[in-house]
Amino acid sequence: MKSVLSRFAQMLFVLWVVATILFLMFRLMPGDPTAAYIDTTFTEEQQQQLRAAFGLDQPLWKQYFIFIANAAQGEFGESFHHRKPVIDLLMEVLPNTLVLTLSSIIVAYIFGVLVGSWLAWNRGTRAEAIVVPTVLTLRAAPEFWLGMVLLATFGFGLGWFPSGGANSAGAAYGSEWSRIFSSDFLHHLFLPALTLALYLQGLPLLLMRSNMLDVMQEDFVMMARMKGLPEWVIVLKHAARNALLPVMTAFAIGIGQSIGANVVVETVFSWPGLGRLLVASVAASDYPVAQGAFLLIAAVLVLMNFIADLLYSVLDPRVSHGARR
Amino acid sequence: MSRSARVAGGSIRFEGKEIAGAPPSVMQEILWRRMAFVPQSAMNALDPVYRVGKQIEEVLVHRGNYRREDVPKRIAELFEMVGLNPKRQNDYPHQFSGGMRQRVGIALALALNPALMIADEPVTALDVIVQRQVLDTLKDLQRRLNLSVIIVTHDISVVAYVCDRVVVMYAGEVVESGKVKDVLEQPVHPYTMGLTNAFPDLGRAAGTLVPIAGSPPDLRDPPPGCRFAPRCPFAEPRCAQTSPPLVTDEKGHAAACLRANEAPMLREQARDPARWAA
Amino acid sequence: MAHVAEASAPEDAAAEPRVGALGRIMRALRLPRGDFFATTGLIIYAVFLITALLADVIRPHDPLEILFSDDGQLLANAPPSLTYPLGTTNLGRDIFSQLVVGTRAALIVGVTAAIVVAAIGTLIGLISGFFGGWIDNGLMRLADVALGIPFLPFTIVLSSFIGASTWTIVMAIALLLWPNTARVIRSQVLTVRERAFVEAARVSGSSPWRILFVHVAPNILPLTFLYGSIAIGWAILTEASISFLGFGPSDVVSWGYMLQDAYGSQALSRGSFNWFVPPGVCIVLVVVAGFFVSRGYEELLFPKLKD
């Protein structure tokens, strides 16, 4: 329990440092630091109001405390372009990013774990000689380029899938859930999710393969054989269970990293997600949105790193059940 | 047992049946049910992610056809047999001390009432006091359960303490075998003489341990003749040419040495440490 | 670790006194000689390196020159032909020339970033593992922070603030990617530190820094190369992503720039595969070469996988 608390404290510390770095970055950029919040088209009155609201008339150290306090409450100000609170914009696109990330990473990991174990089982065969270099090649391909090729082939070329976006124009839905589960949404989701999955499957596959090969050498697997246990018990309950530990950690960390790395795939498929919002806002100097999106992506990343840490200690009894000697 | 290893020749007989090269179905019947194994390090031989009770249960259910409801009673019984608190079946392997873990290993081996238990260096990784406790448990179980135990070890004091018969092997070959008392007190093969010199003995002053100079041969390319000849202080030219046959005397004491008939004299000379100098 | 390399080197030299240039390079890089993957990787690197050096000789046209046909027509979206091996862009620029010139940007980013990441990661890992205590603690917390910053978004924001250039990208990679290398090297140092020869050096009165750089560092060198070879790929992928998103240097023709140009000019809907496939293939080849070379180091570092 104590270690969970200390890990949690550590996570908050990291988050705080990241927020501070972000604050400094936006203050260090050339020009008027208040430009991060105030658009020149605002009226003088509006500007004064905002300056006061964000404490921008205060000295830098005070601004810093106000920034941290606001960020902790999810208060990032108002977008220059959309003229609405940043938090609303973020929450609009967050479901799209989450669905895209989770669906692709789950598919990738299930596939990777199964094929990785299968390859370990078929060590030194022709299958290995074909699959491993293929996987390495897929991992070496830039995600967005993979997306471009798939989009040009299956989207524009064959016309099987739409060319971008998350929903067809004009479609209306009763709730966020009915939108996400509509066939139209899933149709739009397929190519970007496939692109990400193709890229992501390499890590779990190679990890699972090498872990399995390592675990198979362990004494306890040899012992299981000597006990005459059925082969499926040896493979699933002993080898796979142990080999899965690091893959589960990689999975959690992968979710966190994917949210940020999705930027490029979201751009290729014009997927209205967090990454695309970040790119658009940075390009348009819509700093409040950029700050908010960045911080949200960082928060997910740090949170998932924390969960990965916890997950490992839950799944590995050597960590969760301390030695009792 | 390693997948890359195989039996190159010879014969392994168990309960009257030839099991070298036996098909998996035959081995499946024998493994763990009639013949069980205690590893050198139970730490590595137990799966780190399962409670030890679970690992015994696995054997009982998958191999012993135990019904689930009978399992807890059997595990408690096994734990008591090896001197462990039955409550500890809910602990993970890493939560046990080395000696306790070896006891878990023994309990696991006994799960299905085997006729033969093979123990590979069962106490080597333990400190001396714990070694003694574990060996006492083994001895006691062997008697009570009418169990045959094969102990593979480098430690002559373990042999002297628990075994009835001993087979001395050098470089993959049997060099001497017989009753422990005969072999250790009146060794015939120079290697056995060297071994008894190289281990501490209560009857001898400390500091007189005498090592055997040199190192074992490369088994991919063993020397011709007697494999021990290159390190043997009593080797004669013929030893490097002729492989000595294993000859058994009327007491069942066997040795593979061309100078076996000179054994009493060699034993006398072998007591002199200078003999063993490189 | 390094012992494996050192022990086998003289033997190899005796058995085969005439070692080719490739063999000598592999030995200098401490790669296992004759390893198929490592050799392939190095050959791919060599081909791209030569292309980058001779880019101005190889490229048939200026990569940004707008080409016209003999009758004065703009050569937009020309299909591949003998004069334009990969065709032209929608603005009539020669794709093959861009591809050749793009090699330079990729190698500059890749090699600089790899050197910087490997150097920083190794130094921090060495110091952290060797000195331990509060230094170790502080550096590892710093690593946590670096791992808590989303890489691509950070690079995007940095590029937009301090200006898009190759150096911005190298800097972002240096700032955020060192922890992976540092952590592995740190744990390696922890084991090397306990070895007898380090103890011997300590007892004989060598200064800590001397022990660190003379006795410990050489033993972790293959790990440095391993992470360096992986970083080359990372850097090239990052450069391509950043350029594709439009935050790359505008004055440099790179593979990422080509892909952005193609994407922005509707090459996808026109099906101009000749435009956007080649740069991707080049990226894949260079990154795969990095993986292959790193596999060579893994064979060296973890020989048990070989059997």
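Think of each chain on its own: its residues are numbered from 1, step by step along the sequence as written. Naming scheme: in the order in which they are written, chains are lettered from A and ligands are numbered from 1. With pLDDT at 70 or above as the cut-off, local features in this predicted model cover only qualifying residues; side-chain atom pairs require 80 or more to be listed or tallied, and sums for whole chains, interfaces and linings still use all residues. Note: side-chain values were computed over all heavy atoms of the structure, leaving out hydrogens and water.

Engineer: Please clarify how the overall build of chain C should be interpreted in this entry.
Structural biologist: For the purposes of this entry, the term helix denotes a DSSP run of H or I that reaches at least four residues, the term strand denotes a run of E that reaches at least two, and both are numbered from the N terminus. When you go through chain C residue by residue, the secondary structure sums to 13 helices and 0 strands. The order of α-helices and β-strands along chain C, N terminus first, is α-α-α-α-α-α-α-α-α-α-α-α-α. Across the 307 residues that make up chain C, the buried fraction comes to 53%. Should any heavy atoms of two residues lie within 4.5 Å, those residues are counted as being in contact. Here the contacts in chain C between residues at least 6 apart in sequence split such that 70% fall between residues at least 24 apart. Surface exposure here means Shrake-Rupley accessible area, sampled with a 1.4 Å probe, where a residue is shielded only by the protein chains that are shown. Of the roughly 13,300 Å² of accessible surface on chain C, a fraction of 66% belongs to carbon and sulfur atoms. Each residue gets one of three labels from its accessible area relative to the maximum for its type: buried under 20%, exposed over 50%, partly exposed in between, using a 1.4 Å probe on protein chains only.

Engineer: Please explain the sheet that holds strand β3 (residues 35-38) of chain B as it appears in this structure.
Structural biologist: Within a sheet, each strand pairs with its neighbour through backbone hydrogen bonds, oriented either parallel or antiparallel. Residue and element names in this part refer to chain B. Pairing between strands is defined by DSSP: at least two bridges between them are needed. The strand order across the open sheet built from 3 strands is β3-β4-β5, with neighbouring strands paired in parallel fashion. The open sheet has two edge strands, β3 and β5 (148-152), and neither has a second partner. In this sheet, adjacent strand axes meet at a mean angle of 20° when their direction is disregarded. Relative to β5, strand β4 (residues 116-120) is paired through 5 bridges, and the arrangement is parallel. Fitted lines through C-alpha atoms serve as axes, helices being fitted only where they are in contact, and the angles separating the N-to-C directions of these axes extend from 0 to 180 degrees.

Engineer: Please explain the side chain of R74(B) as it appears in this structure.
Structural biologist: Residues and elements named next belong to chain B. Considering the arrangement of structural elements, one finds R74 in helix α4 (residues 71-81). Judged by relative accessible area, R74 falls into the buried class, the value being 6%. Two N or O atoms form a polar contact when they lie within 3.5 Å of each other; inside protein one atom must be a possible hydrogen donor and the other a possible acceptor, and for residues adjacent in sequence the pair counts only when both atoms belong to side chains. At a separation of 3.2 Å, a polar atom in the side chain of R74 contacts the main-chain carbonyl oxygen of L110. Only 2.8 Å separates the side chain of R74 from the backbone oxygen of A111, close enough to count as a polar contact. Excluding its chain neighbours within four sequence positions, the residues that come into contact with R74 are L60, Y66, M81, L110, A111, L112 and N113.

Engineer: For this particular structure, what's the right way to read the pattern of salt bridges?
Structural biologist: Close approach of charged atoms allows side chains with opposite charge to pair. What makes a salt bridge here is a side-chain nitrogen of Lys or Arg within 4 Å of a carboxyl oxygen of Asp or Glu, nothing more. Under the counting rule described, the total for this entry stands at 27 salt bridges over all chains. Close ionic contact of E29(B) with R33(B) constitutes a salt bridge, the shortest N to O distance being 3.1 Å. Looking at E29(B), the relative accessible area reads 48%, which means it is partly exposed. The salt bridge involving D144(C) is made with R141(C); its shortest N-O contact spans 3.0 Å. Note that D144(C) and R141(C) are positioned in helix α6 (residues 133-147) at a spacing of 3 residues, about one turn of the helix. A single salt-bridge network, built from bridges that share partners, covers E236(B), R238(B), R259(B) and E262(B).

Engineer: Explain the interface of chain C and chain A here, please?
Structural biologist: A common way to express how large an interface is: the accessible area buried when the components associate. Each side of the interface is counted separately: chain C has 40 residues, and chain A has 46 residues. Summed over both partners, the interface of chain C with chain A buries about 3,800 Å², with 81% contributed by carbon and sulfur atoms. Taken together, the connections running from chain C to chain A amount to 0 salt bridges. The set of elements that each furnish at least two residues to the side of chain C that touches chain A consists of α6, α7 (151-162), α10 (208-244), α11 (255-264), α12 (267-270) and α13 (273-301) of chain C. Put simply, Ala, Val, Leu, Ile, Met, Phe, Trp, Tyr, Cys and Pro go in the nonpolar bin, Asp, Glu, Lys and Arg in the charged bin, and everything else, Gly too, in the polar bin. The class makeup of the residues in the side of chain C that touches chain A is 30 nonpolar, 5 polar and 5 charged. What counts as buried area is the accessible surface, traced by a 1.4 Å probe, that two parts surrender upon association, with contributions from both included.

Engineer: Would you mind showing me how to read the confidence of the model for chain C here?
Structural biologist: Low pLDDT marks regions whose predicted coordinates should not be analysed in detail. Residues and elements named next belong to chain C. Each residue carries a pLDDT score, the predictor's own confidence in it, on a scale running from 0 to 100. When pLDDT is averaged across chain C, the result is 77; 84% of the residues are at 70 or more. Per-element confidence in chain C is highest for α6, whose mean pLDDT is 87, and lowest for helix α1 (residues 2-15), whose mean pLDDT is 38. Ignoring residues within four places in sequence, the model shows residues 1-17, a span with pLDDT below 50, making 17 contacts including any to other chains. Our summary of model confidence lists the complex with pTM equal to 0.78 and ipTM equal to 0.83.

Engineer: It is not clear to me how the nonpolar core should be interpreted in this structure. Could you clarify?
Structural biologist: Burial of nonpolar side chains together is a common tendency in soluble globular proteins. Membership of the largest hydrophobic core comes to 178 residues, with the highest contact counts inside it found for F144(A), I156(C), V216(C) and W255(C). Leave out the neighbours within four places in its chain, and V216(C) touches L126(C), F130(C), V189(C), V192(C), V198(C) and I211(C). Side-chain atoms within 4.5 Å are what join buried Ala, Val, Leu, Ile, Met, Phe, Trp, Tyr and Cys residues into a set we call a nonpolar core. In terms of nonpolar packing, the next biggest core, distinct from the first, is built from 42 residues, V52(B), V82(B), A119(B) and V158(B) among them.

Engineer: Even after reading the chapter, I still don't get the interface of chain B and chain A, so can you show me in this structure?
Structural biologist: The interface of chain B with chain A comprises 28 residues on the first partner and 25 residues on the second. Broken down residue by residue, the surface that chain B buries against chain A is led by V49(B), E58(B) and H94(B), which jointly contribute 21%. Across the contact surface, chain B and chain A share 1 salt bridge. We note a salt bridge from E58(B) to K237(A), for which the minimum N-O separation is 3.7 Å. One can count 8 residue pairs in polar contact (both at pLDDT 80 or more) joining chain B with chain A. For the side of chain B that touches chain A, the secondary structure elements donating two or more residues are α2 (42-45), α3 (52-62) and α5 (98-110) of chain B. With 4 residues, α3(B) is the largest single contributor of residues to the side of chain B that touches chain A. Grouping the amino acids of the side of chain B that touches chain A by side-chain chemistry returns 14 nonpolar, 6 polar and 8 charged.

Engineer: For this particular structure, what's the right way to read the domain arrangement of chain A?
Structural biologist: All names here are of chain A. Split by domain assignment, chain A resolves into domain 1 (2-72) and domain 2 (94-324). Opposite the 17 residues of domain 1 that make contact, domain 2 presents 14 residues. One can count 1 salt bridge joining domain 1 with domain 2. Ionic pairing is found between D309 and R7, a salt bridge with its closest N-O pair at 3.1 Å. Counting across the interface, domain 1 meets domain 2 through 1 residue pair in polar contact (both at pLDDT 80 or more). Taken together, the elements giving at least two residues each to the side of domain 1 that touches domain 2 come down to α1 (2-28) and α3 (60-72). In terms of residue count, α1 provides more of the side of domain 1 that touches domain 2 than any other element does, 11 residues in total. Residue composition of the side of domain 1 that touches domain 2, grouped by class: 15 nonpolar, no polar and 2 charged. Residue ranges assigned to the domains are those given by an automatic or database domain assignment.

Engineer: Sorry, what's going on with a nonpolar patch on the surface here?
Structural biologist: Residues and elements named next belong to chain C. Each patch is built from residues lacking any salt bridge and having more than 30% relative accessible area; the joining distance is 9 Å for like charges and 5 Å for nonpolar side chains (Val, Leu, Ile, Met, Phe, Trp, Tyr). On the surface, a nonpolar cluster with roughly 600 Å² of combined accessible area is contributed by L49, I50, L53, L54, V57 and I58. Put simply, the parts of the chain that give the nonpolar patch at least two residues each are α3 (36-53) and α4 (55-58). Inspection of the secondary structure puts L49 in helix α3.

Engineer: How should the sheet that holds strand β7 (residues 173-179) of chain B be read in this particular structure?
Structural biologist: Residues and elements named next belong to chain B. In spatial order, the strands read β6-β7-β9-β8; together these 4 strands make up an open sheet with antiparallel pairing. At either margin of the open sheet sits one strand with a lone partner, and together these are β6 (165-170) and β8 (247-248). Alignment of β6 against β7, held across 6 bridges, turns out to be antiparallel. Paired with M169 across the strands is V174, a residue of β7. Each of β6 and β7 is contacted by helix α9 (residues 190-197), which is oriented at about 105° to β6, the strand it contacts most.

Engineer: Would you explain the environment of A174(C) in this entry?
Structural biologist: All names here are of chain C. Residue placement: A174 occurs in helix α8 (residues 166-192). Residue classification places A174 among the buried positions, given a relative accessible area of 10%. The contact partners of A174, leaving out residues within four places of it in the chain, are V116, V117 and I120.

Engineer: Explain unusual backbone geometry to me, please; I cannot follow it from the model alone.
Structural biologist: Negative phi values dominate among residues other than glycine, just as trans dominates among peptide bonds. Residue and element names in this part refer to chain B. Even without being a glycine, E15 presents a positive backbone phi close to 50°. When you line up the elements, E15 lands in the loop between β1 (13-14) and β2 (17-18). Although it is not a glycine, E121 adopts a positive phi angle of roughly 45°. If you trace the backbone, E121 turns up in the loop between β4 and α6 (128-144). Residue E121 is classed as buried on the basis of its relative accessible area of 6%.

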